[in-house]
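Each chain is listed here by its residues.
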Protein chains: 2
Amino acid sequence: MRLAAIQFAPALHDLHATLGALQPHLDAACEADLIVLPELCNSGYNLPDRPTALAAAEPVAASAFLDHLAAFCAQHHCEIVTGFCEREREALYNSAVLVDANGPVETYRKLHLFMNEKDFFTPGDRGLPVVERPYGRVGMQVCFDWAFPEAWRALAMQGADIIAHPSNLVLPGRCQRAIPIHAMLNRVFIITGNRIGTEGALTFTGQSIIASPAGEVLAEAAQDNACVITAVIDPNAAHDKMLTPRNHAFDDRRADVYGSAGAS
Amino acid sequence: MRLAAIQFAPALHDLHATLGALQPHLDAACEADLIVLPELCNSGYNLPDRPTALAAAEPVAASAFLDHLAAFCAQHHCEIVTGFCEREREALYNSAVLVDANGPVETYRKLHLFMNEKDFFTPGDRGLPVVERPYGRVGMQVCFDWAFPEAWRALAMQGADIIAHPSNLVLPGRCQRAIPIHAMLNRVFIITGNRIGTEGALTFTGQSIIASPAGEVLAEAAQDNACVITAVIDPNAAHDKMLTPRNHAFDDRRADVYGSAGAS
(Lines give C-alpha, C1' and ligand atoms only; values in the text may rest on other atoms or scores of the structure.)
Protein backbone atom coordinates (compact mmCIF):
# COMPACT_ATOMS: atom_id res chain seq x y z
CA MET A 1 0.00 0.00 0.00
CA ARG A 2 1.02 3.63 -0.37
CA LEU A 3 1.16 6.19 2.46
CA ALA A 4 1.26 9.94 1.87
CA ALA A 5 1.59 13.09 3.95
CA ILE A 6 0.57 16.48 2.61
CA GLN A 7 2.68 19.39 3.84
CA PHE A 8 1.13 22.80 3.15
CA ALA A 9 -0.17 25.94 4.90
CA PRO A 10 -3.86 25.89 5.84
CA ALA A 11 -5.38 29.38 5.92
CA LEU A 12 -6.34 30.87 9.28
CA HIS A 13 -10.12 30.78 9.75
CA ASP A 14 -10.77 30.65 6.00
CA LEU A 15 -11.99 27.21 4.95
CA HIS A 16 -12.50 28.23 1.35
CA ALA A 17 -8.89 29.38 1.01
CA THR A 18 -7.69 26.24 2.76
CA LEU A 19 -9.58 23.96 0.38
CA GLY A 20 -8.16 25.88 -2.56
CA ALA A 21 -4.60 25.52 -1.28
CA LEU A 22 -5.13 21.85 -0.39
CA GLN A 23 -6.72 20.61 -3.62
CA PRO A 24 -3.60 20.42 -5.87
CA HIS A 25 -1.82 18.45 -3.14
CA LEU A 26 -4.74 16.06 -2.74
CA ASP A 27 -4.68 15.56 -6.51
CA ALA A 28 -0.93 14.85 -6.36
CA ALA A 29 -1.48 12.34 -3.53
CA CYS A 30 -4.48 10.57 -5.09
CA GLU A 31 -2.57 7.32 -5.73
CA ALA A 32 -2.08 6.82 -2.00
CA ASP A 33 -4.26 4.52 0.11
CA LEU A 34 -3.91 6.63 3.26
CA ILE A 35 -3.20 10.37 3.23
CA VAL A 36 -2.31 12.39 6.37
CA LEU A 37 -3.01 16.14 6.57
CA PRO A 38 -1.75 18.66 9.17
CA GLU A 39 -3.25 19.43 12.58
CA LEU A 40 -6.26 21.79 12.73
CA CYS A 41 -6.38 21.69 8.95
CA ASN A 42 -9.90 23.14 8.73
CA SER A 43 -9.19 26.17 10.96
CA GLY A 44 -5.51 27.06 11.01
CA TYR A 45 -3.60 27.14 14.27
CA ASN A 46 -3.12 30.55 15.83
CA LEU A 47 -6.73 31.55 16.43
CA PRO A 48 -6.83 34.91 18.29
CA ASP A 49 -9.56 34.09 20.82
CA ARG A 50 -12.07 31.47 21.81
CA PRO A 51 -15.08 32.94 19.96
CA THR A 52 -13.07 32.92 16.72
CA ALA A 53 -11.99 29.35 17.42
CA LEU A 54 -15.60 28.29 18.02
CA ALA A 55 -16.65 29.95 14.79
CA ALA A 56 -13.87 28.17 12.85
CA ALA A 57 -14.68 24.76 14.37
CA GLU A 58 -17.18 22.22 13.05
CA PRO A 59 -18.92 19.18 14.52
CA VAL A 60 -17.59 15.90 13.10
CA ALA A 61 -21.09 14.90 11.98
CA ALA A 62 -21.79 18.20 10.18
CA SER A 63 -18.58 19.39 8.56
CA ALA A 64 -18.22 20.85 5.09
CA PHE A 65 -14.49 20.12 5.36
CA LEU A 66 -14.91 16.44 6.16
CA ASP A 67 -17.61 16.12 3.47
CA HIS A 68 -15.13 17.49 0.96
CA LEU A 69 -12.51 14.95 2.05
CA ALA A 70 -15.03 12.08 1.95
CA ALA A 71 -15.99 12.99 -1.62
CA PHE A 72 -12.30 12.90 -2.56
CA CYS A 73 -11.94 9.50 -0.87
CA ALA A 74 -14.95 8.16 -2.79
CA GLN A 75 -13.50 9.37 -6.07
CA HIS A 76 -10.00 8.00 -5.47
CA HIS A 77 -10.68 4.95 -3.28
CA CYS A 78 -8.48 6.20 -0.47
CA GLU A 79 -8.72 7.25 3.18
CA ILE A 80 -7.56 10.43 4.90
CA VAL A 81 -6.55 11.30 8.46
CA THR A 82 -6.83 15.02 9.04
CA GLY A 83 -6.30 17.33 11.94
CA PHE A 84 -9.66 18.87 12.77
CA CYS A 85 -10.84 21.77 14.91
CA GLU A 86 -13.85 20.03 16.44
CA ARG A 87 -16.83 21.65 18.12
CA GLU A 88 -19.19 19.62 20.25
CA ARG A 89 -21.79 21.97 21.73
CA GLU A 90 -19.65 24.59 23.58
CA ALA A 91 -16.53 22.37 23.83
CA LEU A 92 -13.59 22.58 21.43
CA TYR A 93 -11.27 19.65 20.75
CA ASN A 94 -8.01 19.49 18.83
CA SER A 95 -8.90 16.28 17.00
CA ALA A 96 -7.77 13.89 14.30
CA VAL A 97 -10.47 12.30 12.15
CA LEU A 98 -10.16 9.25 9.92
CA VAL A 99 -12.37 9.75 6.85
CA ASP A 100 -13.30 7.24 4.14
CA ALA A 101 -15.65 7.40 1.16
CA ASN A 102 -18.67 7.36 3.47
CA GLY A 103 -17.48 10.11 5.83
CA PRO A 104 -15.91 10.14 9.29
CA VAL A 105 -14.94 6.70 10.62
CA GLU A 106 -13.21 7.51 13.92
CA THR A 107 -12.21 10.57 15.93
CA TYR A 108 -9.25 10.97 18.28
CA ARG A 109 -9.08 14.00 20.57
CA LYS A 110 -5.57 15.26 21.42
CA LEU A 111 -4.53 14.13 24.90
CA HIS A 112 -1.51 16.40 25.48
CA LEU A 113 -2.38 20.02 24.74
CA PHE A 114 0.56 22.31 23.87
CA MET A 115 1.07 25.71 25.52
CA ASN A 116 -1.92 28.06 24.95
CA GLU A 117 -4.02 25.30 23.45
CA LYS A 118 -4.87 24.71 27.12
CA ASP A 119 -6.88 27.98 27.03
CA PHE A 120 -9.02 26.94 24.05
CA PHE A 121 -9.39 23.18 23.90
CA THR A 122 -10.75 20.49 26.19
CA PRO A 123 -8.24 17.66 26.74
CA GLY A 124 -8.98 14.45 24.87
CA ASP A 125 -11.73 12.29 26.37
CA ARG A 126 -11.98 9.51 23.76
CA GLY A 127 -8.88 7.54 24.75
CA LEU A 128 -6.57 6.12 22.09
CA PRO A 129 -8.79 4.44 19.49
CA VAL A 130 -7.33 1.91 17.04
CA VAL A 131 -9.43 1.37 13.90
CA GLU A 132 -9.44 -1.84 11.85
CA ARG A 133 -9.20 -0.98 8.15
CA PRO A 134 -8.94 -3.29 5.12
CA TYR A 135 -5.20 -2.57 4.85
CA GLY A 136 -4.32 -2.63 8.56
CA ARG A 137 -5.03 -1.08 11.96
CA VAL A 138 -4.70 2.67 12.31
CA GLY A 139 -4.09 4.76 15.43
CA MET A 140 -3.89 8.54 15.64
CA GLN A 141 -1.81 11.12 17.52
CA VAL A 142 -1.77 14.91 17.17
CA CYS A 143 1.39 17.05 17.20
CA PHE A 144 2.67 17.49 20.80
CA ASP A 145 1.52 13.98 21.70
CA TRP A 146 4.93 13.12 20.19
CA ALA A 147 6.56 13.98 23.54
CA PHE A 148 4.81 11.23 25.52
CA PRO A 149 6.23 7.78 24.73
CA GLU A 150 3.40 6.15 26.68
CA ALA A 151 0.82 7.11 24.06
CA TRP A 152 2.78 5.56 21.18
CA ARG A 153 3.37 2.45 23.26
CA ALA A 154 -0.32 2.20 24.18
CA LEU A 155 -1.43 2.47 20.53
CA ALA A 156 1.09 -0.16 19.44
CA MET A 157 0.13 -2.52 22.26
CA GLN A 158 -3.50 -2.14 21.19
CA GLY A 159 -2.48 -3.37 17.75
CA ALA A 160 -1.95 -0.23 15.69
CA ASP A 161 0.19 -0.96 12.60
CA ILE A 162 0.16 2.60 11.29
CA ILE A 163 -0.03 5.77 13.41
CA ALA A 164 -1.19 8.90 11.61
CA HIS A 165 0.15 12.08 13.21
CA PRO A 166 -1.30 15.39 11.97
CA SER A 167 0.96 18.17 13.27
CA ASN A 168 1.63 21.91 13.46
CA LEU A 169 5.12 21.60 14.92
CA VAL A 170 6.96 24.76 15.96
CA LEU A 171 9.96 23.47 17.97
CA PRO A 172 12.71 22.77 15.45
CA GLY A 173 14.55 19.45 15.43
CA ARG A 174 12.72 17.78 18.28
CA CYS A 175 9.69 15.80 17.17
CA GLN A 176 11.23 14.94 13.84
CA ARG A 177 14.14 13.24 15.65
CA ALA A 178 11.81 11.40 18.03
CA ILE A 179 9.39 9.96 15.44
CA PRO A 180 11.76 7.33 13.98
CA ILE A 181 12.63 6.27 17.55
CA HIS A 182 8.95 5.83 18.52
CA ALA A 183 8.49 3.83 15.29
CA MET A 184 11.53 1.63 15.99
CA LEU A 185 10.76 0.93 19.66
CA ASN A 186 7.12 0.06 18.95
CA ARG A 187 7.68 -1.53 15.53
CA VAL A 188 5.01 0.57 13.79
CA PHE A 189 4.76 2.87 10.78
CA ILE A 190 4.33 6.56 11.61
CA ILE A 191 3.25 9.32 9.22
CA THR A 192 3.77 12.85 10.54
CA GLY A 193 1.97 15.36 8.30
CA ASN A 194 3.29 18.74 9.41
CA ARG A 195 2.42 22.19 8.14
CA ILE A 196 4.56 25.07 6.92
CA GLY A 197 4.14 28.83 6.95
CA THR A 198 3.87 31.51 9.61
CA GLU A 199 0.95 32.70 11.75
CA GLY A 200 1.81 35.69 13.94
CA ALA A 201 4.87 34.79 16.02
CA LEU A 202 4.69 31.10 15.11
CA THR A 203 6.70 29.55 12.29
CA PHE A 204 5.90 25.93 11.52
CA THR A 205 8.75 23.57 10.84
CA GLY A 206 7.70 21.28 7.97
CA GLN A 207 9.93 18.21 7.65
CA SER A 208 6.93 15.89 7.45
CA ILE A 209 8.19 12.35 7.88
CA ILE A 210 7.25 8.71 7.26
CA ALA A 211 9.10 6.21 9.48
CA SER A 212 9.20 2.41 9.39
CA PRO A 213 9.09 -0.24 12.16
CA ALA A 214 12.86 -0.59 11.70
CA GLY A 215 13.30 3.09 12.57
CA GLU A 216 14.18 4.05 9.00
CA VAL A 217 13.09 7.39 7.56
CA LEU A 218 11.19 6.28 4.43
CA ALA A 219 10.40 9.83 3.29
CA GLU A 220 11.04 13.31 4.66
CA ALA A 221 10.02 16.74 3.40
CA ALA A 222 12.04 19.93 3.50
CA GLN A 223 11.42 22.62 6.11
CA ASP A 224 9.50 25.22 4.15
CA ASN A 225 7.97 24.02 0.90
CA ALA A 226 4.47 22.69 0.27
CA CYS A 227 4.71 19.11 -1.01
CA VAL A 228 3.52 15.52 -0.87
CA ILE A 229 5.78 12.79 0.51
CA THR A 230 4.92 9.13 -0.07
CA ALA A 231 6.19 5.67 0.78
CA VAL A 232 5.13 2.22 -0.38
CA ILE A 233 4.94 -0.13 2.59
CA ASP A 234 3.77 -3.57 3.67
CA PRO A 235 1.69 -2.85 6.78
CA ASN A 236 2.15 -6.47 7.89
CA ALA A 237 5.76 -5.58 8.70
CA ALA A 238 4.35 -3.93 11.83
CA HIS A 239 3.06 -7.31 13.05
CA ASP A 240 6.63 -8.44 13.70
CA LYS A 241 7.40 -7.10 17.17
CA MET A 242 10.84 -8.72 17.46
CA LEU A 243 13.54 -6.12 18.15
CA THR A 244 16.07 -8.94 17.69
CA PRO A 245 15.53 -12.66 16.98
CA ARG A 246 15.18 -13.17 20.75
CA ASN A 247 13.78 -9.84 22.00
CA HIS A 248 10.10 -8.90 21.74
CA ALA A 249 9.25 -5.20 22.07
CA PHE A 250 6.28 -5.90 24.34
CA ASP A 251 6.88 -9.34 25.88
CA ASP A 252 10.33 -8.30 27.15
CA ARG A 253 8.84 -5.35 29.06
CA ARG A 254 9.28 -5.52 32.83
CA ALA A 255 5.93 -4.08 33.87
CA ASP A 256 6.57 -5.55 37.33
CA VAL A 257 9.32 -2.94 37.79
CA TYR A 258 8.25 0.23 35.96
CA GLY A 259 5.74 1.34 38.59
CA SER A 260 3.53 4.25 37.58
CA ALA A 261 5.72 4.81 34.51
CA GLY A 262 4.54 1.66 32.80
CA ALA A 263 2.87 -1.03 34.88
CA SER A 264 -0.78 -1.99 34.61
CA MET B 1 30.46 19.01 37.74
CA ARG B 2 32.21 16.97 35.07
CA LEU B 3 30.89 13.73 33.54
CA ALA B 4 33.07 11.29 31.62
CA ALA B 5 32.64 8.08 29.66
CA ILE B 6 35.54 5.77 28.92
CA GLN B 7 35.34 3.97 25.58
CA PHE B 8 37.80 1.09 25.26
CA ALA B 9 37.98 -2.68 24.74
CA PRO B 10 37.92 -4.80 27.91
CA ALA B 11 39.75 -8.12 27.50
CA LEU B 12 37.69 -11.32 27.40
CA HIS B 13 38.04 -13.20 30.68
CA ASP B 14 41.36 -11.54 31.50
CA LEU B 15 40.98 -9.04 34.34
CA HIS B 16 44.69 -8.27 34.46
CA ALA B 17 44.73 -7.29 30.78
CA THR B 18 41.52 -5.27 31.21
CA LEU B 19 42.97 -3.28 34.10
CA GLY B 20 46.10 -2.60 32.07
CA ALA B 21 44.07 -1.33 29.11
CA LEU B 22 41.77 0.70 31.32
CA GLN B 23 44.34 2.50 33.47
CA PRO B 24 45.53 5.16 31.00
CA HIS B 25 41.92 6.09 30.29
CA LEU B 26 41.12 6.33 33.99
CA ASP B 27 44.12 8.59 34.38
CA ALA B 28 42.90 10.75 31.49
CA ALA B 29 39.43 10.97 33.06
CA CYS B 30 40.61 11.69 36.62
CA GLU B 31 39.29 15.28 36.61
CA ALA B 32 35.73 13.99 36.26
CA ASP B 33 33.31 13.68 39.17
CA LEU B 34 31.47 10.71 37.66
CA ILE B 35 33.02 8.27 35.18
CA VAL B 36 31.05 5.62 33.27
CA LEU B 37 32.71 2.44 32.00
CA PRO B 38 31.32 -0.13 29.51
CA GLU B 39 29.03 -3.08 30.24
CA LEU B 40 30.58 -6.26 31.66
CA CYS B 41 33.84 -4.38 32.02
CA ASN B 42 35.42 -6.95 34.35
CA SER B 43 34.70 -9.98 32.14
CA GLY B 44 34.29 -8.98 28.50
CA TYR B 45 31.11 -9.80 26.62
CA ASN B 46 31.19 -12.87 24.44
CA LEU B 47 31.87 -15.55 27.04
CA PRO B 48 31.77 -18.99 25.40
CA ASP B 49 29.78 -20.87 28.03
CA ARG B 50 28.27 -20.55 31.46
CA PRO B 51 31.17 -22.09 33.42
CA THR B 52 33.56 -19.57 31.84
CA ALA B 53 31.12 -16.78 32.65
CA LEU B 54 30.88 -17.95 36.27
CA ALA B 55 34.66 -18.05 36.50
CA ALA B 56 34.96 -14.52 35.10
CA ALA B 57 32.28 -13.12 37.40
CA GLU B 58 32.79 -11.71 40.91
CA PRO B 59 30.51 -10.95 43.86
CA VAL B 60 29.98 -7.23 44.40
CA ALA B 61 31.25 -7.53 47.97
CA ALA B 62 34.43 -9.40 47.04
CA SER B 63 35.72 -8.02 43.74
CA ALA B 64 39.31 -7.23 42.87
CA PHE B 65 37.97 -5.13 40.00
CA LEU B 66 35.69 -2.99 42.16
CA ASP B 67 38.44 -2.65 44.78
CA HIS B 68 40.72 -1.28 42.09
CA LEU B 69 38.08 1.25 41.03
CA ALA B 70 37.38 2.29 44.64
CA ALA B 71 41.09 2.94 45.21
CA PHE B 72 41.10 5.16 42.11
CA CYS B 73 38.02 7.00 43.40
CA ALA B 74 39.71 7.56 46.76
CA GLN B 75 42.79 8.94 45.07
CA HIS B 76 40.93 11.27 42.71
CA HIS B 77 37.77 12.15 44.67
CA CYS B 78 35.44 10.80 42.02
CA GLU B 79 32.80 8.12 41.52
CA ILE B 80 32.51 5.43 38.85
CA VAL B 81 29.62 3.47 37.37
CA THR B 82 30.87 0.31 35.75
CA GLY B 83 29.28 -2.60 33.97
CA PHE B 84 29.96 -5.67 36.09
CA CYS B 85 29.65 -9.42 35.55
CA GLU B 86 28.16 -10.25 38.95
CA ARG B 87 28.05 -13.61 40.65
CA GLU B 88 25.77 -14.26 43.60
CA ARG B 89 26.06 -17.90 44.60
CA GLU B 90 25.24 -19.77 41.36
CA ALA B 91 23.36 -16.86 39.76
CA LEU B 92 24.93 -14.49 37.22
CA TYR B 93 23.71 -10.93 36.69
CA ASN B 94 24.62 -8.37 34.05
CA SER B 95 24.95 -5.49 36.50
CA ALA B 96 25.97 -1.88 36.84
CA VAL B 97 27.69 -0.85 40.08
CA LEU B 98 28.18 2.65 41.44
CA VAL B 99 31.52 2.79 43.26
CA ASP B 100 32.93 5.55 45.44
CA ALA B 101 36.07 5.83 47.55
CA ASN B 102 34.69 3.36 50.07
CA GLY B 103 33.65 0.72 47.56
CA PRO B 104 30.32 -0.33 46.00
CA VAL B 105 27.41 2.01 46.82
CA GLU B 106 24.54 0.56 44.76
CA THR B 107 23.99 -2.24 42.25
CA TYR B 108 21.51 -2.36 39.37
CA ARG B 109 20.87 -5.66 37.60
CA LYS B 110 19.95 -5.42 33.89
CA LEU B 111 16.21 -5.85 33.39
CA HIS B 112 16.10 -6.44 29.63
CA LEU B 113 18.57 -9.14 28.61
CA PHE B 114 19.75 -9.07 24.97
CA MET B 115 19.74 -12.16 22.76
CA ASN B 116 21.90 -14.97 24.19
CA GLU B 117 22.41 -13.15 27.48
CA LYS B 118 19.14 -14.93 28.31
CA ASP B 119 21.10 -18.21 28.43
CA PHE B 120 23.66 -16.93 30.95
CA PHE B 121 22.18 -14.25 33.13
CA THR B 122 19.27 -14.00 35.56
CA PRO B 123 16.98 -11.03 34.75
CA GLY B 124 17.32 -8.06 37.09
CA ASP B 125 15.62 -8.47 40.46
CA ARG B 126 16.65 -5.22 42.17
CA GLY B 127 14.26 -2.85 40.40
CA LEU B 128 15.47 0.57 39.27
CA PRO B 129 17.42 2.09 42.16
CA VAL B 130 18.10 5.84 42.28
CA VAL B 131 21.00 6.85 44.51
CA GLU B 132 21.35 10.21 46.24
CA ARG B 133 24.89 11.53 45.80
CA PRO B 134 26.40 14.87 46.85
CA TYR B 135 26.19 16.17 43.27
CA GLY B 136 22.75 14.76 42.35
CA ARG B 137 20.66 11.61 42.03
CA VAL B 138 21.99 8.80 39.87
CA GLY B 139 20.11 5.99 38.14
CA MET B 140 21.58 3.17 36.08
CA GLN B 141 20.68 1.28 32.90
CA VAL B 142 22.70 -1.34 31.01
CA CYS B 143 23.00 -1.52 27.21
CA PHE B 144 19.80 -3.05 25.70
CA ASP B 145 17.67 -1.41 28.39
CA TRP B 146 17.86 1.53 25.94
CA ALA B 147 15.02 -0.02 23.92
CA PHE B 148 12.43 0.24 26.71
CA PRO B 149 11.24 3.84 27.23
CA GLU B 150 9.41 2.79 30.39
CA ALA B 151 12.65 2.21 32.28
CA TRP B 152 14.04 5.68 31.50
CA ARG B 153 10.71 7.22 32.41
CA ALA B 154 10.57 5.28 35.69
CA LEU B 155 14.08 6.38 36.70
CA ALA B 156 13.30 10.03 35.89
CA MET B 157 9.98 9.92 37.74
CA GLN B 158 11.86 8.52 40.75
CA GLY B 159 14.07 11.60 40.66
CA ALA B 160 17.18 10.54 38.76
CA ASP B 161 19.07 13.57 37.42
CA ILE B 162 21.83 11.56 35.75
CA ILE B 163 21.46 8.09 34.23
CA ALA B 164 24.68 6.13 33.76
CA HIS B 165 24.43 3.59 30.95
CA PRO B 166 27.32 1.10 30.61
CA SER B 167 26.97 -0.58 27.21
CA ASN B 168 28.35 -3.14 24.77
CA LEU B 169 26.23 -2.06 21.80
CA VAL B 170 26.36 -4.07 18.58
CA LEU B 171 23.41 -2.77 16.52
CA PRO B 172 24.71 0.26 14.61
CA GLY B 173 22.84 3.56 14.66
CA ARG B 174 20.00 2.55 16.96
CA CYS B 175 20.70 3.21 20.64
CA GLN B 176 22.89 6.20 19.87
CA ARG B 177 19.94 7.88 18.11
CA ALA B 178 17.52 7.01 20.94
CA ILE B 179 19.61 8.26 23.87
CA PRO B 180 19.19 12.01 23.21
CA ILE B 181 15.44 11.41 22.80
CA HIS B 182 15.19 9.58 26.14
CA ALA B 183 17.18 12.46 27.71
CA MET B 184 14.93 15.12 26.14
CA LEU B 185 11.59 13.47 26.96
CA ASN B 186 12.59 12.82 30.59
CA ARG B 187 14.72 15.95 31.06
CA VAL B 188 17.74 14.03 32.42
CA PHE B 189 21.43 13.70 31.65
CA ILE B 190 22.47 10.37 30.14
CA ILE B 191 26.01 9.00 29.82
CA THR B 192 26.36 5.99 27.56
CA GLY B 193 29.80 4.42 27.98
CA ASN B 194 30.10 1.97 25.09
CA ARG B 195 32.93 -0.35 24.19
CA ILE B 196 34.84 -0.90 20.97
CA GLY B 197 36.60 -3.90 19.47
CA THR B 198 35.57 -7.34 18.23
CA GLU B 199 34.85 -10.60 20.07
CA GLY B 200 34.12 -13.50 17.71
CA ALA B 201 31.27 -12.47 15.41
CA LEU B 202 30.44 -9.38 17.43
CA THR B 203 31.77 -5.91 16.61
CA PHE B 204 30.98 -3.22 19.14
CA THR B 205 29.91 0.17 17.87
CA GLY B 206 31.58 2.80 20.08
CA GLN B 207 30.00 6.25 19.71
CA SER B 208 29.75 6.71 23.46
CA ILE B 209 27.51 9.67 24.11
CA ILE B 210 26.61 12.26 26.76
CA ALA B 211 23.17 13.85 26.29
CA SER B 212 21.50 16.76 28.09
CA PRO B 213 17.93 17.31 29.37
CA ALA B 214 17.37 19.50 26.29
CA GLY B 215 18.20 16.53 24.06
CA GLU B 216 21.54 17.99 23.00
CA VAL B 217 24.53 15.74 22.35
CA LEU B 218 27.14 17.24 24.70
CA ALA B 219 29.89 14.81 23.69
CA GLU B 220 30.14 11.86 21.34
CA ALA B 221 32.99 9.47 20.58
CA ALA B 222 33.93 8.00 17.22
CA GLN B 223 33.01 4.44 16.30
CA ASP B 224 36.28 2.60 16.74
CA ASN B 225 38.88 4.41 18.86
CA ALA B 226 39.54 4.13 22.57
CA CYS B 227 39.02 7.50 24.20
CA VAL B 228 37.50 9.54 27.02
CA ILE B 229 34.60 11.91 26.36
CA THR B 230 33.64 14.50 28.94
CA ALA B 231 31.08 17.24 29.53
CA VAL B 232 30.75 19.89 32.22
CA ILE B 233 27.14 20.07 33.40
CA ASP B 234 24.89 21.55 36.06
CA PRO B 235 22.96 18.53 37.37
CA ASN B 236 20.25 20.89 38.70
CA ALA B 237 19.20 21.46 35.08
CA ALA B 238 17.52 18.05 35.33
CA HIS B 239 15.22 19.37 38.06
CA ASP B 240 13.39 21.51 35.49
CA LYS B 241 10.83 19.14 33.98
CA MET B 242 9.10 21.76 31.81
CA LEU B 243 9.12 20.71 28.14
CA THR B 244 7.71 24.18 27.37
CA PRO B 245 6.75 27.04 29.74
CA ARG B 246 3.32 25.38 30.09
CA ASN B 247 4.05 21.67 29.59
CA HIS B 248 5.47 19.43 32.30
CA ALA B 249 7.03 16.14 31.20
CA PHE B 250 5.36 14.18 34.00
CA ASP B 251 2.33 16.24 35.11
CA ASP B 252 0.99 16.40 31.54
CA ARG B 253 0.98 12.59 31.28
CA ARG B 254 -2.48 11.06 30.78
CA ALA B 255 -2.02 7.96 32.92
CA ASP B 256 -5.82 7.61 32.93
CA VAL B 257 -5.60 6.69 29.23
CA TYR B 258 -2.37 4.77 28.66
CA GLY B 259 -3.64 1.51 30.15
CA SER B 260 -0.99 -1.15 30.65
CA ALA B 261 1.50 0.95 28.65
CA GLY B 262 1.80 3.61 31.32
CA ALA B 263 -0.90 3.83 33.99
CA SER B 264 -0.35 3.04 37.62
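Rules of the game
Residues numbered from 1 in each chain as written. Chains lettered and ligands numbered in written order. Predicted model: local features only at pLDDT ≥ 70, side-chain atom pairs only at ≥ 80, totals over all residues. Heavy atoms only, no water. Disulfide = S-S within 2.5 Å. Buried < 20%, exposed > 50% of the residue type's maximum accessible area, 1.4 Å probe, protein only. Contact = heavy atoms within 4.5 Å. Buried area = accessible area lost by both parts, 1.4 Å probe. Salt bridge = Lys/Arg side-chain N within 4 Å of Asp/Glu carboxyl O. Phe/Tyr/Trp six-rings, centres within 6.5 Å; stacked < 30°, edge-to-face > 60°. Helix = DSSP H or I, 4+ residues; strand = E, 2+ residues; numbered from the N terminus. Polar contact = N/O pair within 3.5 Å; in protein donor to acceptor, adjacent residues only side chain to side chain. Core = buried A, V, L, I, M, F, W, Y, C linked by side-chain atoms within 4.5 Å.

Enquirer: Is there a simple way to think about the state of the cysteines in this case?
Expert: Covalent bonding between the sulfur atoms of two cysteines is what defines a disulfide. All names here are of chain A. Enumeration according to the criterion identifies 0 disulfides over all chains in this entry. You can see C73 has no disulfide; the closest cysteine sulfur is in C78, sitting 4.1 Å from it. By relative accessible area, which is 0% here, C73 ends up buried.

Enquirer: In this structure, what is going on with the interface of chain A and chain B? I would like to understand it.
Expert: As a measure of interface size, the accessible area lost when the parts come together is often cited. Contacts between chain A and chain B engage 50 residues on the former and 50 residues on the latter. Here chain A meets chain B over a buried area of about 4300 Å², counting both sides, of which 59% is carbon and sulfur. Its largest share of buried area at the contact with chain B, chain A owes to E150, R246 and Y258 of chain A, together 15% of the area lost on that side. Where chain A touches chain B, the interface holds 8 salt bridges.

Enquirer: Help me understand the packing of aromatic side chains, please; the structure alone is not making it clear to me.
Expert: The relative placement of two aromatic rings is captured by the distance of their centres and the angle of their planes. Residue and element names in this part refer to chain A. Using the criterion set out here, one finds 10 aromatic pairs over all chains in the structure. For the ring pair Y45 and F204, a centre distance of 5.8 Å and an interplane angle of 80° mean the geometry is edge-to-face. With Y45 in the loop between strand 2 (34-36) and helix 2 (50-56) and F204 in the loop between strand 11 (202-203) and strand 12 (209-211), this residue pair connects regions lying 159 residues apart in the sequence. For the pair shown, Y45 and F204 are each scored as buried. Feature note: the residues F114, F144, W146 and F148 constitute an aromatic cluster, connected by ring pairs.

Enquirer: Explain the environment of P104 of chain B to me, please; I cannot follow it from the model alone.
Expert: All names here are of chain B. Within the fold, P104 resides in strand 5 (residues 103-109). The class for P104 is partly exposed, based on a relative accessible area of 39%. As for P104 and A147, which are separated by 43 residues in sequence, their C-alpha atoms are 27 Å apart.

Enquirer: Sorry if this is basic, but what is going on with the side chain of S95 of chain B here?
Expert: All names here are of chain B. Note that S95 resides in strand 4 (residues 91-100). Residue class for S95 comes out buried when judged on its relative accessible area of 0%. Polar contacts involving the side chain of S95 include one to the side chain of E86, which spans 2.6 Å. Setting aside anything within four residues of it in sequence, one finds S95 in contact with T82, G83, F84, E86, T107, Y108, R109 and V142.

Enquirer: What is the right way to read the nonpolar core from this model?
Expert: The tendency in soluble globular proteins is for nonpolar side chains to be buried as a group. Counting residues in each nonpolar core, the largest one holds 144 residues, and the members touching the most others are L34 and W146 of chain A together with L34 and W146 of chain B. For W146 of chain A, the contacting residues outside a window of four places in its chain are W152, H165, L169, R174, C175, A178, I179 and H182 of chain A together with M184 and L185 of chain B. The next biggest cluster of nonpolar side chains, apart from the first, holds 24 residues, and it includes L22, L26, V60 and V99 of chain B.

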